[in-house]
Amino acid sequence: MGSPANAAIEAAAHPEDNGYYYWVTVNIETGETKFASNYQEHLRNHAEFRAWCDQNPDVC
(Lines give C-alpha, C1' and ligand atoms only; values in the text may rest on other atoms or scores of the structure.)
Protein backbone atom coordinates (compact mmCIF):
# COMPACT_ATOMS: atom_id res chain seq x y z
CA MET A 1 0.00 0.00 0.00
CA GLY A 2 1.40 3.35 -1.03
CA SER A 3 4.20 1.88 -3.14
CA PRO A 4 4.28 2.45 -6.89
CA ALA A 5 3.52 -0.48 -9.17
CA ASN A 6 6.28 -1.97 -11.30
CA ALA A 7 4.68 -0.42 -14.40
CA ALA A 8 4.90 3.05 -12.82
CA ILE A 9 8.56 2.55 -11.96
CA GLU A 10 9.30 1.30 -15.47
CA ALA A 11 7.48 4.27 -17.02
CA ALA A 12 9.45 6.71 -14.85
CA ALA A 13 12.74 5.04 -15.73
CA HIS A 14 11.95 4.94 -19.46
CA PRO A 15 9.49 7.76 -20.26
CA GLU A 16 7.77 7.91 -23.63
CA ASP A 17 9.12 10.66 -25.87
CA ASN A 18 6.15 12.99 -26.38
CA GLY A 19 7.73 16.40 -27.01
CA TYR A 20 6.49 17.94 -23.78
CA TYR A 21 9.12 19.26 -21.40
CA TYR A 22 7.04 21.32 -18.97
CA TRP A 23 3.82 20.82 -17.06
CA VAL A 24 1.79 22.75 -14.52
CA THR A 25 -1.54 22.06 -12.84
CA VAL A 26 -3.62 25.16 -13.57
CA ASN A 27 -6.62 24.24 -11.40
CA ILE A 28 -5.91 22.47 -8.14
CA GLU A 29 -9.56 21.63 -7.51
CA THR A 30 -10.15 19.84 -10.83
CA GLY A 31 -6.59 18.70 -11.40
CA GLU A 32 -6.51 20.26 -14.88
CA THR A 33 -2.91 20.12 -16.01
CA LYS A 34 -1.38 21.76 -19.07
CA PHE A 35 1.71 20.59 -20.88
CA ALA A 36 4.11 22.65 -22.98
CA SER A 37 6.87 21.86 -25.42
CA ASN A 38 8.66 25.18 -24.92
CA TYR A 39 9.38 27.54 -22.07
CA GLN A 40 7.29 30.46 -23.42
CA GLU A 41 4.20 28.27 -23.55
CA HIS A 42 4.96 27.04 -20.05
CA LEU A 43 5.15 30.63 -18.80
CA ARG A 44 1.66 31.28 -20.22
CA ASN A 45 0.34 28.17 -18.49
CA HIS A 46 2.02 29.21 -15.25
CA ALA A 47 0.43 32.67 -15.50
CA GLU A 48 -2.94 30.90 -15.82
CA PHE A 49 -2.16 28.99 -12.62
CA ARG A 50 -1.19 32.20 -10.79
CA ALA A 51 -4.43 33.87 -11.94
CA TRP A 52 -6.40 30.88 -10.69
CA CYS A 53 -4.62 31.12 -7.33
CA ASP A 54 -5.38 34.85 -7.13
CA GLN A 55 -9.08 33.97 -7.54
CA ASN A 56 -8.84 31.08 -5.04
CA PRO A 57 -6.50 32.26 -2.26
CA ASP A 58 -8.05 29.87 0.24
CA VAL A 59 -6.77 26.94 -1.86
CA CYS A 60 -3.33 28.16 -2.92
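Right above here is the structure, for reference.
Let us look at the structure shown here.

## Concerning the overall build of the protein chain
Step number 1: Of the regular secondary structure elements, the protein chain holds 2 helices and 2 strands.
Step number 2: Computed over its C-alpha atoms, the radius of gyration of the protein chain comes to 15 Å, more than 25% above the 10 Å expected for a compact globule of 60 residues.
Step number 3: C-alpha extents for the protein chain along the principal axes are approximately 40 × 30 × 10 Å.
Step number 4: Expressed as a percentage of the 60 residues in the protein chain, the buried residues total 17%.
Step number 5: Long-range contacts, defined as pairs at least 24 residues apart, comprise 16% of the intrachain contacts of the protein chain with a sequence gap of at least 6.
Step number 6: Of the roughly 4,900 Å² of accessible surface on the protein chain, a fraction of 52% belongs to carbon and sulfur atoms.

## Brief notes about the pairing of strand β1 (residues 22-27)
Step number 1: Direction of pairing for β1 relative to strand β2 (residues 32-36): antiparallel, over a ladder of 5 bridges. Directly across from Y22, in β2, lies its bridge partner A36.
Step number 2: Adjacent in sequence and paired antiparallel, β1 and β2 are bridged by 4 residues, among which G31 carries a positive phi angle near 80°.

## Notes on helix α2 (residues 39-55)
Step number 1: The end-to-end C-alpha distance of α2, which contains 17 residues, comes to 24 Å, matching closely the 24 Å that a straight helix rising 1.5 Å per residue would cover.
Step number 2: For α2, the complete set of buried residues consists of H42, N45, F49, W52 and C53. Along the axis of α2, the buried positions cluster into a sector of 100°, meaning they face one direction only. Along α2, the residues that are exposed and aim more than 90 degrees away from the buried face are Q40, R44, D54 and Q55.
Step number 3: Of the surrounding elements, those touching the buried residues of α2 are β1 and β2.
Step number 4: Between the side-chain oxygen at the start of α2 and the backbone nitrogen of Q40 there is a gap of 3.2 Å, and the oxygen is on N38.

Rules used throughout
Residues numbered from 1 in each chain as written. Predicted model: local features only at pLDDT ≥ 70, side-chain atom pairs only at ≥ 80, totals over all residues. Heavy atoms only, no water. Helix = DSSP H or I, 4+ residues; strand = E, 2+ residues; numbered from the N terminus. Rg over C-alpha atoms; globule rule 2.2 N^0.38 Å. Buried < 20%, exposed > 50% of the residue type's maximum accessible area, 1.4 Å probe, protein only. Contact = heavy atoms within 4.5 Å. Areas by Shrake-Rupley, 256 points an atom, 1.4 Å probe, with all protein chains shown as cover. Pairing = 2+ DSSP bridges. Expected span 1.5 Å × (residues − 1). Arc of directions from axis to C-beta. Polar contact = N/O pair within 3.5 Å; in protein donor to acceptor, adjacent residues only side chain to side chain.

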